[in-house]
Amino acid sequence: RALTNEGYDNNGNVTLSKIVTGGKITFLNGDVASWGTNVLLTQIAGGSTPLNFFDNVFEITGTSSGVNRNGKAFSVQIDQALVKDKLCPWLVSGVLTLTVDNFDVSLDYGDGDCDRKAILTLPDGTEHEIIIWN
């Protein structure tokens, strides 16, 4: 696992890359899940106040893939940047797609409100509001 300060982007925002290769979890029953990830974290607010972490807001973009404990390959693609506000325990916006066995489900974290709600869209297009637990 590596977290690297990539410096400033073209807009003057601090960027960090997070790369995981060969990630693995072994469960008590011996099942194994493995994954890798390549994401970019971009600080979009709070960069001008380095001693005040409470105004920090980050965008997260990138991908992840692996094999779950049942031997099924999966991938995750962040379609619209995920936004994490330091003052909110949940993601406040963004969309990601999870693919397992050629079935896609998407998760839409909303429009910026600090709530635990997200919209889950199933492969047949049906949508369900879900509550995120932490």
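So, how was this worked out
Positions within a chain are numbered from 1, following the residues in the order the chain's sequence is written. Per-residue local features of the predicted model are confined to residues with pLDDT of at least 70, and side-chain atom pairs are confined, for both listing and counting, to 80 or more; whole-chain, interface and lining totals are unaffected and use all residues. With hydrogens and water stripped out, all remaining heavy atoms of the structure feed into the side-chain values. For this analysis, a ring pair means two rings from Phe, Tyr or Trp (six-membered ring only for Trp) whose centres lie within 6.5 Å, classed as stacked if their planes differ by under 30 degrees, edge-to-face if by over 60, and tilted for the remaining angles. By definition, being over a ring means that NZ of Lys or CZ of Arg is both within 6 Å of the ring centre and within 35 degrees of the ring normal. By nonpolar core we mean a set of buried residues, namely Ala, Val, Leu, Ile, Met, Phe, Trp, Tyr and Cys, connected to one another through side-chain atoms within 4.5 Å. Residue burial is assigned from relative accessible area. The probe radius is 1.4 Å, only protein chains are included, and a residue is buried under 20% of its type maximum, exposed over 50%, and partly exposed in between. Secondary structure counts use DSSP, requiring at least four H or I residues in a row for a helix and at least two E residues in a row for a strand, with both numbered from the N terminus. Residue contacts are defined here by distance: any two heavy atoms, one from each residue, within 4.5 Å place the two residues in contact. By definition, two strands form a pair when at least two bridges between them are found by DSSP. Only the stretch in contact is used when fitting a helix axis, every axis being a line fitted to C-alpha atoms; angles between N-to-C directions are given from 0 to 180 degrees. Disulfides are defined in this document as cysteine sulfur pairs within 2.5 Å.

**Student:** I keep staring at the packing of aromatic side chains and nothing clicks. Help me out?
**Tutor:** Geometrically, a pair of aromatic rings is defined through the distance of the ring centres and the angle of the planes. Counted under the stated rule, the structure contains zero aromatic pairs. The cationic tip of Arg-69 hangs over the ring face of Phe-27; the distance from NZ or CZ to the ring centre is 3.8 Å. For the cation-ring pair, Arg-116 lies above Trp-133, with the distance from its terminal atom to the ring centre recorded as 4.2 Å.

**Student:** For this particular structure, what's the right way to read the nonpolar core?
**Tutor:** Among the nonpolar cores identified, the biggest contains 10 residues, and these are Val-39, Leu-41, Ile-60, Ile-78, Leu-82, Leu-91, Leu-96, Leu-107, Tyr-109 and Ala-118. Elements supplying a minimum of two residues to this core: strand S3 (32-45), strand S5 (73-85), strand S6 (91-100) and strand S7 (103-111). Excluding anything up to four places from it in sequence, Val-39 contacts Leu-16, Ser-17, Lys-18, Ile-60, Thr-61, Gly-62 and Thr-63. Within the second largest apolar cluster, five residues are counted, among which are Val-83, Cys-88, Trp-90 and Val-92.

**Student:** Any chance you could explain the sheet that holds strand S2 (residues 14-26) here in plain terms?
**Tutor:** Adjacent strands of a sheet pair through backbone hydrogen bonds, lying either parallel or antiparallel. On the basis of which strands lie adjacent, the open sheet formed by nine strands has the order S1-S2-S3-S4-S5-S6-S7-S8-S9 and antiparallel pairing. In this open sheet, the two edge strands, each paired with only one partner strand, are strand S1 (2-8) and strand S9 (127-131). This sheet shows a mean twist of 15° between the axes of neighbouring strands, independent of strand direction. Pairing geometry for S7 and strand S8 (residues 117-121), over three bridges, is antiparallel.

**Student:** I would appreciate a short explanation of the state of the cysteines in the present structure.
**Tutor:** Simply put, disulfide is the name for a covalent bond between the sulfur atoms of two cysteines. The tally for this structure, following the rule as stated, stands at one disulfide. Here Cys-88 engages in a disulfide with Cys-114; their sulfurs sit 2.2 Å apart. Torsion about the S-S bond of the Cys-88 and Cys-114 cystine: about 95°, corresponding to right-handed handedness. Pair noted here: Cys-88 is in the loop between S5 and S6 and Cys-114 is in the loop between S7 and S8, with a separation of 26 residues, a long-range link. For Cys-114, a relative accessible area of 46% corresponds to the partly exposed category.

**Student:** What is the right way to look at the pairing of S5 in this model?
**Tutor:** Regular strands place their side chains on alternate faces of the sheet. Across nine bridges, strand S4 (residues 57-67) lies against S5 in antiparallel orientation. Bridge assignment links Val-67 to a residue of S5, and that residue is Ala-73. Two successive antiparallel strands, S4 and S5, enclose a turn made up of five residues, where Gly-71 displays a positive phi of approximately 80°. In this sheet, S6 lies alongside S5 in antiparallel orientation, the contact comprising eight bridges. Within S6, the position partnered with Lys-84 by the bridge is Leu-91. Where S5 folds back onto S6 in an antiparallel hairpin, the turn is made up of five residues.

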